[in-house]
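Results of the structural survey
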Amino acid sequence: MSIPNHILEQLNSQADLISIIGRHTTLKRAGNEYKGCCPFHGEKSPSFYVNPQKNIYHCFGCGVGGNAISFLRDYESLTFIEAVNELSKQTGIEVPKEEQQNVSYQRTKQSTVKPTSQAPTATQSDNPTPVGQNQDNSAPSYSDSVIYDDGHYDNYPPLDVYDSSPYSSEGYGSDYQSSSDSGNGYPPSWLTDTDAITDLHSMNHSADEDGNLYELLEQIQQFYQHNLATHPHAKHYFLSRGITEDIFETFGLGYAPFGWQHLEHQFPQDIEGLKALGLVRQSESGRDYDLLRDRVIFPIRDNQGRTIGFGGRALDNEIKPKYINSSDSPVFHKQHVLYGYYESRQQRADSWLVVEGYMDVIALYQAGIYGAVASMGTAINESQISRLLTLNPTLTLSFDGDSAGQKAAWRTLEVALPVLADDKELRFLTLPNNHDPDTFIKSQGGDAMREQIANAMPLSQYIFAYLSERYDLTLAEGKAKLMSQVRSLTTALPKGSSFRYLLNNDIYQKLGGKRSQNVEAKDALLDFDGDMTISQQLQLCFLFQPRTLIDDPIEIIWQRAGINGLHLPPHIQQKASPDVLRPVAWEDLQDSALLDIVSTIKRCLNYLPKDANAAAHFILSNLKPLTQETLSRGWGGFYKTLTARNVLSLDELVENLVMQLLKLHLQKKMQELIKNPDHIKLAIVRKQSQLLNDWLRAQQAEQSAQMVTVQS
């Protein structure tokens, strides 16, 4: 299978290398890099570095190094194709199957541009149809509206040390290695040399007849930039927006002149390339026309600084659409590009801010606030957020205060939750008086903008503020609806998230709860039937709140108590059986009724009605007859007792009940091992029990402190 080199380059560039390697060794930030013990050889002092800017790794101990594909091949033992497919799934970059897209195109020896007299209008450059109006009877449509940039993630560490570090000379196969500098012991040129990347894509091209899309884009960018200098009205637009001329050069700003076919006249031998880039289109009547006309131009760059597309803004605010962007092409994929990322990386940005528009990015950069990026018109996606949170654990989102801006912010929040681990933080910035970053900086200055960013609203506050405007919190029904939506949101958080419980509890307290949900739920159980066993209480809790089993409570407790990372002395580890350290499973508790309801709920989770009572009866109907009969007798009274007390969440109570069962299980296991001595297993179970008890005491101390705070 032949895979175009530019696709391989994009896969390696966009891969989340920190996460890939982090599955096998602990990486910690060391300045602008990440450092850890080498997964390829045993070592006590970390000498393994990952460079997020170039997305490569290198061990200064054993000399191993490479990129995402090489790591998947060399460490995870994937084949080349398997590694490519894995990165394709992770990044969303599609690997062509049959007809391979390439960055080359056939150049023509003479112009194919139609004479001016054949153009859709009588005159093109002297008397064009106003931008945004139909330009012939076929009314070309503009499906691409505002689009920014998303997704190339390098970073900013010292790079020269990597360029001089030896790498394995093992290739990736003929298709992959064709551009490598094989046999010299150094990384292939495409890995470290930006110029070589351009050469890579033209290596199979005839200089006389084949063109290169990257080279063509660079020439078009220079053409647009030259036009900005020669068209005062376009230059005045940027100057009137407060943009200085040195920024013109930094961002490569330009101007697309009047005329239906200015690109075809300028590049008569590159018509095929212009069409492949979507910059020249064909109307329904078969006439070619330039996509961008009489618009200021924002070049869109990848993470290596190459121009891969263009955004054009109308000079007249009445022209619709205001923004038009290049179509996706073999070198441009909107969902993988963030506008401003390359420029911020060049300034060694260490904090990141997601904004809505090109001008916001540029205004922040000009004010010395680096790290502002904008997505390409659609909501920023999960992989982009994950990568930005890798570069800095706090990410700020700045959206307009109007309805559309806040809807976009909420969609981004929902997208971010699955990658929001406990050590990551999302903040929200809504500027006062309907300002966006561009207008706020012009009005208040850069220092005021920095203060606004520093005081951005934490996620927990933003959720409550957003939802409290949408529900009537003077009514119990409104509070219940709000809590229901919060619970639904928090299920999207990563497995084992502590933030899930804390956020639910925090918002419950904001709704006026004077006592914790755990206390209310415990009292409800006592009012209902104080003689129930722990297992029976837990079964009813699962019936009331089956979503608790989305993430297995036993596994979460095992992880949070640190039992899954139990370190054993070497002599015990050598003698211990392979499965001795696995988490306790529901089957190990030897409780048939509890196992029945747990397995039934897990099997039915995707089919349960939203209403709690209806969901409970659905579960009951799928239980074994004996379990069904026992739970059915108690369900009605239990449900009424909880709803009468307005209990909205049983998360903490379920956790407490599961912990009690685990304690009893470990105690019983120790007693059995004392009667039937097995010193290795007994030592392990004692250590597990100790870790669980230590964590329980820490939890109780934290809850006591919270109660004191609430009472005060």
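The numbers attached to residues start from 1 for each chain and follow its sequence in the written order. Only residues with pLDDT of at least 70 get local features here, since the model is predicted, and only at 80 or more are side-chain atom pairs given and counted; chain-wide, interface and lining totals rely on the full set of residues. Hydrogens and water molecules were not included; the side-chain quantities draw on all heavy atoms of the structure.

Salt bridge, as used here, is a side-chain nitrogen of Lys or Arg placed within 4 Å of a carboxyl oxygen of Asp or Glu. Tallying each qualifying case throughout the model produces 19 salt bridges. Lysine 235 is the partner of glutamate 245 in a salt bridge, and the nearest nitrogen-oxygen pair spans 3.3 Å. Of this pair, glutamate 245 sits in helix H11 (residues 245-251) while lysine 235 sits in helix H10 (residues 232-240), placing them 10 residues apart in sequence. The classification of residues rests on relative accessible area computed with a 1.4 Å probe and restricted to protein chains. Under 20% of the type maximum is buried, over 50% is exposed, and intermediate values are partly exposed. Taking the relative accessible area as the measure of exposure, glutamate 245 reaches 46% and is therefore partly exposed. Aspartate 551 is the salt-bridge partner of arginine 500, the closest N and O atoms lying 2.9 Å from each other. One end of the pair, arginine 500, is in helix H22 (residues 498-510); the other, aspartate 551, is in the loop between helix H24 (534-544) and helix H25 (553-560), with 51 residues separating them in the sequence. Relative accessible area serves as the criterion here: at 9%, aspartate 551 is assigned to the buried category. Taken together, the salt bridges that share partners define one network made up of Glu9, Asp302 and Arg306. Runs of H or I in DSSP of at least four residues are treated as helices and runs of E of at least two as strands, each being numbered from the N terminus.

Looking down a regular strand, the side chains alternate between one sheet face and the other. With 4 of 5 residues buried, strand S16 (residues 394-398) lies mostly within the body of the structure. In this sheet, S16 lies alongside strand S14 (residues 352-355) in parallel orientation, the contact comprising 3 bridges. Bridge pairing in S16 places leucine 353 opposite threonine 396. A pair of strands counts as paired when DSSP detects no fewer than two bridges linking them. Sheet topology note: the S16/strand S17 (residues 425-429) ladder contains 5 bridges and is parallel.

Glancing now at the packing of helix H21 (residues 476-490) against H22. When two helices pack together, you describe them by how their axes are tilted relative to each other and by the distance separating the axes. Working convention: axes come from line fits to C-alpha atoms, limited for helices to the stretch in contact. Angles between N-to-C directions cover 0 to 180 degrees. The interhelical angle for the contact between H21 and H22, taken along N-to-C directions, is 170°, at an axis separation of 10 Å. Looking at the two axes, H21 sits roughly antiparallel to H22. The two elements H21 and H22 meet at a crossing, and its hand is right-handed. Listed contacts from H22 to Leu482, Met483, Val486, Arg487 and Thr490 of H21 are Arg500, Leu503, Asn504, Ile507 and Tyr508. Gly falls in the polar group here, along with every residue not listed as nonpolar (Ala, Val, Leu, Ile, Met, Phe, Trp, Tyr, Cys, Pro) or charged (Asp, Glu, Lys, Arg). A class-by-class count of the residues in the contact of H21 with H22 yields 6 nonpolar, 2 polar and 2 charged. Here the word oblique covers every angle except those under 35 degrees (roughly parallel), over 145 (roughly antiparallel) and from 65 to 115 (roughly perpendicular). Left-handed describes a crossing whose near helix is turned anticlockwise from the far helix through less than a right angle; right-handed describes the clockwise counterpart. Should any heavy atoms of two residues lie within 4.5 Å, those residues are considered in contact.

Turning next to the sheet that holds strand S18 (residues 457-458). Spatially, 5 strands are ordered S15-S14-S16-S17-S18 in an open sheet, and the strand pairing comes out mixed. Lying at the two open borders of the sheet, with one neighbouring strand each, are strand S15 (372-374) and S18. Here S14 pairs with S15 via 3 bridges, running parallel. Pairing of valine 354 across the sheet is with valine 373, part of S15. Those strands touched by helix H16 (residues 382-391) are S14, S15, S16 and S17, and its axis lies near 130° from that of S16.

Residues Phe48 and Val50 point to one face of strand S3 (residues 48-51) and Tyr49 and Asn51 to the other, with burial holding for every one of them. In this sheet, S3 lies alongside strand S2 (residues 33-36) in antiparallel orientation, the contact comprising 3 bridges. Note on S3: the bridge partner recorded for lysine 35 is tyrosine 49. Summarising the sheet, S3 and strand S4 (residues 56-59) pair through 4 bridges and their orientation is antiparallel. Note on S4: the bridge partner recorded for phenylalanine 48 is cysteine 59.

Looking now at H10. Listed as buried for H10 are Ala234, Tyr237 and Phe238. Summarising the axial view, the buried residues of H10 lie within an arc of 90°, below the 170-degree limit, and thus occupy one face. Among the exposed residues of H10, those oriented more than 90 degrees off its buried face are Pro232 and His236. Contact partners of the buried residues in H10: helix H9 (213-230), H11, strand S8 (254-256), strand S11 (295-301), strand S12 (307-314) and helix H15 (358-366). This arc corresponds to the set of directions leading from the helix axis out to the C-beta atoms.

Within the open sheet, the 5 strands sit side by side as S1-S2-S3-S4-S5. Their pairing is antiparallel. Of all strands in the sheet, those with a lone pairing partner are strand S1 (28-30) and strand S5 (65-66), marking the two edges. Here S4 pairs with S5 via 2 bridges, running antiparallel. Bridge pairing in S5 links tyrosine 57 to glycine 66.

Before going further, it helps to examine the environment of valine 658. Position of valine 658 relative to the elements: it lies in helix H30 (residues 651-675). Residues valine 658 and isoleucine 554, spaced 104 residues apart in sequence, show a C-alpha to C-alpha distance of 6.9 Å. Valine 658 has contacts with Leu538, Pro553, Ile554, Ile557 and Trp586, leaving out every residue within four places of it along the chain.

A word on the nonpolar core. We call a set of buried residues a nonpolar core when its members are Ala, Val, Leu, Ile, Met, Phe, Trp, Tyr or Cys and they connect through side-chain atoms within 4.5 Å of each other. Within the largest apolar cluster, 61 residues are counted, with the highest numbers of intra-cluster contacts made by Ile220, Tyr224, Phe238, Leu253, Leu292, Phe298 and Met449. Ranked by the residues each element gives to this core, the list is headed by H9, at 8 residues. With sequence-adjacent residues up to four places away left out, phenylalanine 298 is seen in contact with Phe238, Leu253, Gly309, Phe310, Gly311, Arg313, Tyr323, Tyr339, Tyr358, Met359 and Ile362. One finds Ile557, Leu594, Leu650 and Leu682 within the second-largest nonpolar core, a separate group that totals 53 residues.

It is worth spelling out the packing of aromatic side chains at this point. Put simply, two rings from Phe, Tyr or Trp (the six-membered ring, in Trp's case) pair if the centres are within 6.5 Å, and we call them stacked under 30 degrees between planes, edge-to-face over 60, tilted for the rest. Scanning all chains against the criterion turns up 31 aromatic pairs. Their ring planes at 20° and their centres at 5.2 Å tell us that tyrosine 341 and tryptophan 352 sit as a pair that is stacked. With a gap of 11 residues between them, tyrosine 341 in helix H14 (residues 341-346) and tryptophan 352 in strand S14 connect regions that are remote in the sequence. For the pair formed by tyrosine 341 and tryptophan 352, the shared burial category is buried. With a centroid separation of 6.5 Å and 35° between ring planes, the pair formed by tryptophan 410 and tyrosine 462 is classed as tilted.

Think of pLDDT as the predictor's per-residue confidence, scored from 0 to 100. When pLDDT is averaged across the protein, the result is 79; 79% of the residues are at 70 or more. S8 holds the highest mean pLDDT among the elements of the protein, 96, whereas helix H6 (residues 174-177) holds the lowest, 34. In the model, residues 114-207 has pLDDT below 50 throughout and makes 267 contacts with residues more than four positions away in sequence or in other chains. Confidence drops under a pLDDT of 50 for residues 706-712, and excluding neighbours within four residues, the segment shows 5 contacts in the predicted structure.

Their axes nearest at 11 Å, the elements helix H20 (residues 459-468) and H22 cross at an angle of 45°. Classified by the interaxial angle, the pair formed by H20 and H22 is oblique. The hand of the H20/H22 crossing is right-handed. Between H20 and H22, the contacting residues are Leu459, Ser460, Ile463 and Phe464 on the first element and Phe499, Leu503, Asp506, Ile507 and Lys510 on the second. Considering only residue class, the contact of H20 with H22 consists of 6 nonpolar, 1 polar and 2 charged.

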